Amino acid sequence: MNLRDKLNMMGSAKPRPRPQPPPEAGCLTLCHTHGLREFPGGFDIDRESVMLMQGEEMPAVLDPCRILYLDTETTGFQGAGTVAFIIGAGYLRPDGFRVRQFVLRDYPEEPAQLRALEKLLADFDVLCTFNGRSFDVPLLRTRFLMNRMRPGALEKPHIDLLHIARRVFRLRLRQCSLGHLEEALLQRPRDHDLPGSEAPGRFFAYLKTGDFHLLDEVLEHNEQDIASLCTLLGYMCTVYRQPEQLAFPEDVLSMGTALERMRHPEEARRCYHLCSGRCRVQGQLRLAQSYRRSGEREEAVSVWQRMIARREGGIQPYVELAKHYEHRARDVDAALDMTRRAMLLLAEPSLLDDEVTVQARADLQKRYDRLRAKQKGT
């Protein structure tokens, strides 16, 4: 072999791969402890309040110290190829709130990372996440299976704060990201926070360069998310116990609707009674509907009558009373009177009437004609 052949071989040789840590070396685990002052209400989390928020059964005794707050940072949304390169977990202790982050320094460490998480999960009864029911937990379950591990450790009662918070605050806030909720509800705006969408790029850059500082902001973002889960859950328990602490009527109305969907009618009615200002009419209508659905029709009638006395709700309470008198009380005269009074409210046609008003006027006329026919037939 001459010199030219040797040089050609050297030029075509592939670059030597960067040495990778063996799987048995374990994953990097970072630990931090936060002071309890940052978590007001953390120890006041109780089973009754959590059960009001969601339908899933909770342990008979819900110990705040046995709730694991979980959040992941992943390589993106690539289906089965998505990897959680940071798994963050936090939990309350009498001396503070502890955060543990299991960090991949390279892909072969994933089995060790999952084993570390599995060991930690064994000490807790309940998971708490933000959209974890749809994303984090299914992702981790897939990673367990891909590594030929059983995902049974993840099968725990699950509090997903995204859905809980969205049901109460979406009407007013529209946007219910964790960061937005922190700022709007907890008065804790984030300064210079790394957007979650940039996390995958930081991880891939770290893999190329080996510069661990590229992950510093990702780790800070993850740690803040975990801490916020505990604070937000404590806040939600407080307002569910005491809805009068909610400052905005939209939130009170939305909480009542959420409670009714979760089949807690008495608590829902409490919220409807508290509705004020621009949400008072909707609260009263929902209160009456709640009574009607449960068969407490006299209570519903009282609500509609009070609304008419206060001149609230437009034609709606008249229409509801007309239905009640016609179909339940069998009092055609009273039903006709309510229909007539509703028609008087819409008596003045206008070129600017919208479709809803035109349709309401037509519906009232139909009802009036039918009741008149009934009245003549009796």
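Preceding this paragraph is the structure being described.
Residues numbered from 1 in each chain as written. Predicted model: local features only at pLDDT ≥ 70, side-chain atom pairs only at ≥ 80, totals over all residues. Heavy atoms only, no water.

Moving on, we get to the overall build of the protein chain. Scanning the protein chain from terminus to terminus reveals 15 helices and six strands. Relative to a compact globule of 378 residues, whose C-alpha radius of gyration would be 21 Å, the protein chain shows 30 Å and is clearly more extended. Projected onto the principal axes, the alpha-carbon positions of the protein chain cover approximately 115 × 55 × 40 Å. Considering the protein chain as a whole, with its 378 residues, one finds that 47% of them fall into the buried category. When the accessible surface of the protein chain is totalled, it reaches about 20100 Å², and 51% of it is carbon and sulfur. A gap of 5 Å separates the mean positions of the 55 positive and 53 negative side-chain charges of the protein chain. (Helix = DSSP H or I, 4+ residues; strand = E, 2+ residues; numbered from the N terminus. Rg over C-alpha atoms; globule rule 2.2 N^0.38 Å. Buried < 20%, exposed > 50% of the residue type's maximum accessible area, 1.4 Å probe, protein only. Areas by Shrake-Rupley, 256 points an atom, 1.4 Å probe, with all protein chains shown as cover. Lys, Arg positive; Asp, Glu negative; His and termini not counted. Charge placed at Lys NZ, Arg CZ, Asp CG, Glu CD.)

Attention shifts here to the packing of helix H13 (residues 316-327) against helix H14 (residues 332-345). Where H13 meets H14, the axes come as close as 8 Å, and the angle between the chain directions of the two elements is 160°. It follows from the interaxial angle that H13 and H14 lie roughly antiparallel. Helix-helix and strand crossings are classified by hand; for H13 and H14 the assignment is left-handed. Where H13 approaches H14, its residues Tyr-318, Leu-321, Ala-322, Tyr-325 and Glu-326 are matched on the opposing element by Ala-334, Ala-335, Met-338, Thr-339, Arg-341, Ala-342 and Leu-345. (Axes fitted to C-alpha atoms, helices over the stretch in contact; angles between N-to-C directions. Parallel < 35°, antiparallel > 145°, perpendicular 65-115°, else oblique. Left-handed = near helix turned anticlockwise from the far one by under 90°. Contact = heavy atoms within 4.5 Å.)

Taken together, Arg-166, Arg-170, Arg-261 and Arg-286 make up a surface patch of like positive charges. Tracing the backbone shows Arg-166 in helix H5 (residues 161-173). (Patch = residues over 30% accessible without salt bridge, like charges linked within 9 Å, V, L, I, M, F, W, Y side chains within 5 Å. Salt bridge = Lys/Arg side-chain N within 4 Å of Asp/Glu carboxyl O.)

A few words on the pairing of strand S5 (residues 126-129). Side chains Val-126 and Cys-128 project from S5 onto one buried face, and the interleaved Leu-127 and Thr-129 project onto a second face that is buried too. Strand direction decides the pairing type here: strand S2 (residues 67-74) and S5, joined by three bridges, are parallel. The residue of S5 that forms the bridge with Tyr-69 is Cys-128. Where S5 lies against strand S6 (residues 158-160), three bridges are found, and the strand directions are parallel. Note that in S6 the partner of Thr-129 across the bridge is Asp-160. The parallel pair S5 and S6, bridged by helix H4 (residues 136-146), forms a crossover whose chirality is right-handed. (Pairing = 2+ DSSP bridges. Right-handed = clockwise from strand over helix to strand, strands pointing away.)

For the rest of this paragraph, the subject is the pairing of strand S3 (residues 84-93). Among the ten residues in S3, nine count as buried, and that is most of the element. Pairing geometry for S2 and S3, over six bridges, is antiparallel. For Thr-74, the partnering residue across the bridge sits in S3 and is Ala-84. As defined by bridge partners, S3 adjoins strand S4 (residues 96-103) across eight bridges and the pair is classed as antiparallel. Across the sheet, residue Leu-92 finds its bridge partner in S4, namely Phe-97.

A few words now on the sheet that holds strand S1 (residues 28-34). Pairing in this open sheet of six strands is mixed, and the strands run S1-S4-S3-S2-S5-S6 from one edge to the other. The outermost strands of the open sheet, each flanked by one partner alone, are S1 and S6. Geometrically, the sheet is characterised by an average inter-axis angle of 20° between neighbouring strands, direction not taken into account.

Turning next to the packing of aromatic side chains. Throughout the structure, instances matching the rule amount to nine aromatic pairs. Between the aromatic rings of Phe-169 and Tyr-235, the centroid separation amounts to 6.5 Å while the plane-to-plane angle is 35°, which identifies the pairing as tilted. Residue Phe-169 is located in helix H5, and its partner Tyr-235 is located in helix H8 (residues 216-241); the two are separated by 66 residues in the primary sequence. Here Tyr-235 falls in the partly exposed class, since its relative accessible area comes to 22%. For the ring pair Phe-203 and Phe-204, a centre distance of 6.0 Å and an interplane angle of 50° mean the geometry is tilted. Classification of Phe-204 as partly exposed rests on a relative accessible area of 30%. By the ring-pair criterion, three or more aromatic residues cluster together here, those being Phe-85, Tyr-107, Phe-203, Phe-204, Tyr-206 and Phe-212. (Phe/Tyr/Trp six-rings, centres within 6.5 Å; stacked < 30°, edge-to-face > 60°.)

Of all the positions in helix H7 (residues 199-209), only Ala-199, Pro-200, Phe-203, Tyr-206 and Leu-207 are classed as buried. Axial view of H7: buried residues confined to an arc of 125°, hence all on one face. Across from the buried face of H7, at angles greater than 90 degrees, the exposed residues are Lys-208 and Thr-209. The inward-facing, buried residues of H7 contact S2, S3 and H8. Positive backbone phi, approximately 75°, marks Gly-210, located one or two places after H7. (Arc of directions from axis to C-beta.)

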